[in-house]
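Chain by chain, the residues run as shown.
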Amino acid sequence: MIDAIQSVGAFSAMKETEGTSLTASSSLIAPSAGASVPQSQSFAEVLGNMTTDAIRSMKSAEGASLQAVRGEANTREVIDAVMNAEQSLQTALAIRDKVVSAYLEIARMQI
């Protein structure tokens, strides 16, 4: 499970490249025995990277929308950018909800 958390930053790099296959993403989750293990990141760094990626995708969607208003962008590009931003936002909200519920559950524990 720790390896999956450490490789979350690699998923954001994969989103930026188009045409990756499922086998490429599965190799990021479970590195092979011959592959070098990436440096460990703290949980705060992983969440910070995910937040930065979400903000970047939202800014990209906003820029694409402005280009569409000016008539400089294709409708498909705008829809792709907005859908990517929406997915990033939904993921961030789901993670926030899980972190808050975990905190509340820990706070309710008897010592």
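Criteria and cut-off values
What you see as residue numbers is a count from 1 along each chain, following the sequence as written. Where local features are concerned, this predicted model is filtered to residues with pLDDT of at least 70; where side-chain atom pairs are given and counted, the filter is 80 or more; whole-chain, interface and lining totals use all residues. Derived side-chain values reflect all non-hydrogen atoms in the structure, with water molecules and hydrogen atoms excluded from consideration. UniProt positions are given in the numbering used here, feature names are shortened, and annotations may be inferred rather than shown by experiment. Counting from the N terminus, the helices are DSSP H or I runs at least four residues long and the strands are E runs at least two residues long. For every residue, the accessible area (1.4 Å probe, protein chains only) is compared with the maximum for its type, and the residue is labelled buried under 20%, exposed over 50%, or partly exposed between those bounds. Any pair of residues with heavy atoms lying within 4.5 Å of one another is described as a contacting pair. What sets the accessible areas is the Shrake-Rupley method with a 1.4 Å probe; for residues, cover comes only from the shown protein chains. Within a predicted model, pLDDT stands for the predictor's per-residue confidence, ranging from 0 to 100. Here, nonpolar core means buried Ala, Val, Leu, Ile, Met, Phe, Trp, Tyr and Cys residues that are tied together by side-chain atoms lying within 4.5 Å of each other. We define a salt bridge as a contact between a side-chain nitrogen of Lys or Arg and a carboxyl oxygen of Asp or Glu at a distance within 4 Å. Residue count minus one, scaled by 1.5 Å, sets the expected span of a helix.

The protein chain has the name Flagellar hook-basal body complex protein FliE in an unreviewed UniProt entry, where Sinorhizobium terangae is given as its organism. Turning to the protein chain, the UniProt annotation filed under Subcellular location (unreviewed entry) states: "Bacterial flagellum basal body". Quoted verbatim from the Sequence similarities (unreviewed entry) field of the UniProt record, the comment on the protein chain reads "Belongs to the FliE family."

A short note on the overall build of the protein chain
A count of helical and extended segments in the protein chain gives 5 helices and 0 strands. Helices and strands appear in the protein chain in the N-to-C order α-α-α-α-α. Expressed as a percentage of the 111 residues in the protein chain, the buried residues total 14%. In the protein chain, once contacts between residues fewer than 6 apart in sequence are set aside, the share between residues at least 24 apart is 52%. Of the roughly 8,700 Å² that the protein chain leaves accessible, carbon and sulfur atoms contribute 60%.

With respect to the confidence of the model for the protein chain
Looking at the protein chain, the pLDDT average stands at 76 and 66% of residues meet or exceed 70. Across the protein chain, the element-wise mean pLDDT spans from 40 in helix H3 (residues 22–29) up to 94 in helix H5 (residues 75–108).

A look at the nonpolar core
Among the nonpolar cores identified, the biggest contains 6 residues, and these are Ala61, Ala64, Ala73, Val78, Ala81 and Ala85. Secondary structure elements with two or more residues in this core: helix H4 (43–70) and H5. Sorting elements by how many residues they give to this core places H5 first, with 3 residues. Excluding its chain neighbours within four sequence positions, the residues that come into contact with Ala73 are Ala64, Gln67, Ala68 and Val78.

Focus on the pattern of salt bridges
Scanning the model with the defined rule gives 3 salt bridges in all. Between Asp53 and Arg56 there is a salt bridge, with its nearest N and O atoms 3.0 Å apart. Note that Asp53 and Arg56 are positioned in helix H4 at a spacing of 3 residues, about one turn of the helix. Here Asp53 falls in the buried class, since its relative accessible area comes to 19%. Here Arg56 falls in the partly exposed class, since its relative accessible area comes to 44%. The closest approach of N and O atoms between Glu72 and Arg70, which form a salt bridge, is 3.4 Å. Relative accessible area serves as the criterion here: at 54%, Arg70 is assigned to the exposed category.

Here we look at the environment of Thr91
Its place among the elements puts Thr91 in helix H5. With 40 residues separating them along the chain, Thr91 and Thr51 place their C-alpha atoms 10.0 Å apart.

Side note on H4
Over its 28 residues, H4 extends 41 Å from the first C-alpha to the last, a length consistent with the 40 Å expected when each residue adds 1.5 Å. All of the buried residues along H4 are Val46, Asp53, Ala54, Ser57, Ala61 and Ala64. Following H4 by one or two positions, Gly71 has its phi on the positive side, about 85°.

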